[in-house]
Amino acid sequence: MSKKVWSLIVVIVLLVGVMLYSAMTGSLKVDLSQLMTGLWTGTDDQVNVWMPK
């Protein structure tokens, strides 16, 4: 793979990592499993995601 492709992969991985870190350490402290459960199923009251209809 070229250097540009590797750079893009590294940047994407870092971006996802920073997003998860900021979501877990924001105003509400949640662990990774609680965050994923709330985002994917919407069944966690602490991780409430507003979805437009």
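One structure accompanies this document, and this report is about it. The numbering scheme is per chain: residues are counted from 1 as the chain's sequence reads. The predicted origin of the model limits local features to residues at a pLDDT of at least 70 and limits the giving and counting of side-chain atom pairs to 80 or more, whereas totals for whole chains, interfaces and linings rest on all residues. The side-chain figures draw on all heavy atoms in the structure; neither hydrogens nor water molecules are used.

1. Some words on the overall build of the chain
The secondary structure content of the chain amounts to two helices and zero strands. By the burial criterion, 9% of the 53 residues in the chain qualify as buried. The Shrake-Rupley method, run with a 1.4 Å probe, gives the accessible areas here. Residue values count only the displayed protein chains as cover. Of the roughly 4,800 Å² of accessible surface on the chain, a fraction of 70% belongs to carbon and sulfur atoms. What counts as a helix is a DSSP run of H or I of at least four residues, what counts as a strand is a run of E of at least two, and both are numbered from the N terminus. Whether a residue is buried, partly exposed or exposed follows from its accessible area with a 1.4 Å probe, protein chains only, as a fraction of its type maximum: under 20%, in between, or over 50%, in that order.

2. Re a nonpolar patch on the surface
A surface patch of nonpolar side chains, about 520 Å² in accessible area, is lined by Met1, Val5, Trp6, Ile9 and Val13. As for its placement among the helices and strands, Val5 is situated in helix 1 (residues 3–24). Relative accessible area serves as the criterion here: at 34%, Val5 is assigned to the partly exposed category. To count toward a patch, a residue needs a relative accessible area above 30% and no salt bridge. Like charges then connect within 9 Å, nonpolar side chains (Val, Leu, Ile, Met, Phe, Trp, Tyr) within 5 Å. By convention in these notes, a salt bridge is any Lys or Arg side-chain nitrogen within 4 Å of a carboxyl oxygen on Asp or Glu.

The quantities given are spatial measurements derived from coordinates; they are silent on function.
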